[in-house]
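Each chain, written out:
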Amino acid sequence: MPSTPHEVLIVALREQPGLLGALVTKLTGVKLPRSLKPADATLRFVKPAELRLDLVLQGGRRRWVLVELQRGVDPAKRRRWPLAASLLFSQTGALGDVIVITARRAVARWAERVACVRTRLGTELQLRPVVLHLGADESKALLDERHPELALFAAWAMQHRHGPAARAVVERAFELTERLPRALRRAQQRAILSVLSERMLELLREASMNPDKIPETPAARKLRLFLEAQGRKKGRAEGEAKGRAEGRQDALLTLLRARGLSPSQNDEARIRACADAAKLDRWIAQAATATTVREALRTRTQSARARPRTPARSRQPPASRS
């Protein structure tokens, strides 16, 4: 299944198609048409079959680009990539590009040749995609002050790396994001944090808490402040949710006792352990008419079992006509 880093980058490319053009131009020198827009990434055939791709961009009727993010080797792409390209070639009458983006060199080498097959008799079927390998040198090239939007790709390429060099790339990517317009800045900052591994996030938090042991650069300071703000925001949200749950729990226990129903220690522990607002609301509603604590705390499954069945109507034979 697609991971969070995978989905974050796909969303960014879908919402800002110009990002792909900037990335391709930066790494290859080739310019993609500005008219490319997101299209349906599910390709269908006359027969009941379909291909689900990461992203399809189309510009006009004849220009198209398929984009695939590859974190690892997937043997099924040997069939899917040629099939998808052939279908769009047939539909548009023009050959577009298949672009594969990966942060691993081994995956880049695999992607270049996976769809090139040959029979013993000599029949060949070849599809050579444009492979953008975001290695160490490429990631540094993407940390371009003139194109701060490309910093997201540099950070995405660090999802498998956790050393000081990788941390420096992430910090620089976060710093460059400050150059974006305010409307895009926060979104890209959140996207950068979303594509990082838990290990990298932990290293960044550790660095922010130990400035004496790990010298703090200006970029690291900005990242630390953002992480602290996100942590406070998350803490407030969790605290508010906990407070709302505790309010419902208190209301339920008060209602039960006011109606003369005495919850046992186990009942109270069950109520206190529940943080589901919808379930607590349902229990409060049931407690208003329940005759026992067990009835007030019944689940939907128990309610369905307790509901009496309507007896089926007996079929009487039709009266015989005299």
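Just above sits the structure.
This is a predicted model, so every value here is computed, not measured. Note that residues are indexed from 1 along each chain, following the sequence as it is written. In keeping with the predicted nature of the model, local features appear solely for residues at pLDDT of at least 70, side-chain atom pairs appear and are counted solely at 80 or more, and the whole-chain, interface and lining totals rest on all residues. Calculation of side-chain values draws on the structure's entire complement of heavy atoms; hydrogens and water are dropped beforehand.

**A closer look at the overall build of the protein chain**
In step 1: Scanning the protein chain for helices and strands turns up 14 helices and nine strands.
In step 2: With 322 residues in all, the protein chain has 39% of them scored as buried.
In step 3: When checking whether two residues touch, look at their non-hydrogen atoms; a contact exists if any pair is within 4.5 Å. Here the analysis covers contacts within the protein chain between residues at least 6 apart in sequence; of these, 64% occur between residues at least 24 apart.
In step 4: Surface accessibility in these figures is a Shrake-Rupley result with a 1.4 Å probe; residues are shielded only by whichever protein chains are displayed. Accessible area for the protein chain stands at about 20000 Å²; split by element, carbon and sulfur atoms hold 50% of it. Under the scheme used here, helices are H or I runs from DSSP no shorter than 4 residues and strands are E runs no shorter than 2 residues, and both carry numbers assigned from the N terminus. We call a residue buried when its accessible area falls under 20% of the maximum for its residue type, exposed when it is over 50%, and partly exposed in between, using a 1.4 Å probe and counting protein chains only.

**Some remarks on the packing of aromatic side chains**
In step 1: Pairs were defined over the aromatic rings of Phe, Tyr and Trp, the Trp ring being its six-membered one, requiring ring centres within 6.5 Å. Orientation was assigned from the angle between planes: stacked under 30 degrees, edge-to-face over 60, tilted for the rest. As enumerated under the stated definition, the model contains one aromatic pair in all.
In step 2: Pairing Trp81 with Trp110 gives two aromatic rings, centres 5.7 Å apart and planes at 55°, and the pair type is tilted. Here Trp81 is found in helix α3 (residues 77-92), whereas its partner Trp110 is found in helix α4 (residues 105-113), with 29 residues between them in sequence. We note that Trp81, like Trp110, is buried.

**Thoughts on the sheet that holds strand β5 (residues 63-69)**
Backbone-to-backbone hydrogen bonds pair the strands of a sheet. The strands run either parallel or antiparallel.
In step 1: The mixed open sheet is built from five strands, whose spatial order is β1-β4-β5-β6-β9. Both edges of this open sheet fall to β1 (37-39) and β9 (130-133), since each of them pairs with a single strand only. Strand-to-strand, the axes of this sheet are offset by a mean angle of 30°, without reference to chain direction.
In step 2: The pairing criterion for strands is at least two bridges between them, as found by DSSP. As judged from the five bridges shared by strand β4 (residues 55-59) and β5, these two strands associate in the antiparallel manner. Across the sheet, the residue bridging to Gly59 is Arg63, located in β5. For helices, the fitted line uses only the C-alpha atoms of the stretch in contact; every axis is such a line through C-alpha atoms, and the angle between N-to-C directions lies from 0 to 180 degrees.

**Focus on the environment of His6**
In step 1: Mapping His6 onto the fold places it in helix α1 (residues 4-15).
In step 2: For His6 and Gln70, which are 64 residues apart along the polypeptide, the C-alpha to C-alpha distance reads 8.5 Å.
In step 3: Looking at His6, its side chain comes within polar contact range of the side chain of Asp54, at 3.1 Å. In protein, a polar contact requires one atom able to donate a hydrogen and another able to accept it; more generally it is a pair of N or O atoms within 3.5 Å, and residues adjacent in sequence count only if both atoms are side-chain atoms.

**Thoughts on the pattern of salt bridges**
In step 1: Salt bridges are defined as contacts in which a side-chain nitrogen from Lys or Arg sits within 4 Å of a carboxyl oxygen from Asp or Glu. All told, the structure shown has 13 salt bridges when counted by the stated rule.
In step 2: Note that Glu68 and Lys77 form a salt bridge whose closest N and O atoms lie 2.9 Å from each other.
In step 3: Glu68 sits in the buried class, given a relative accessible area of 3%.
In step 4: Its relative accessible area of 9% is what places Lys77 among the buried residues.
In step 5: One salt bridge connects Arg172 with Glu175, and the closest N-O pair in it is separated by 2.7 Å. In this pair, Arg172 and Glu175 are both assigned in helix α7 (residues 164-177), three residues apart and thus about one turn of the helix distant.
In step 6: Using a relative accessible area of 25% as the deciding quantity, one classes Arg172 as partly exposed.
In step 7: Members of the salt-bridge network, linked through shared partners, are Glu145, Arg172, Glu175 and Arg179.

**Structural notes on the environment of Gly93**
In step 1: Relative to the assigned elements, Gly93 resides in the loop between α3 and β6 (97-102).
In step 2: Among the residues examined, Gly93 registers a relative accessible area of 45% and is labelled partly exposed.
In step 3: When the C-alpha positions of Gly93 and Arg62 are compared, they lie 6.7 Å apart, and in sequence the two are 31 residues distant.
In step 4: The contact partners of Gly93, leaving out residues within four places of it in the chain, are Arg62 and Leu88.

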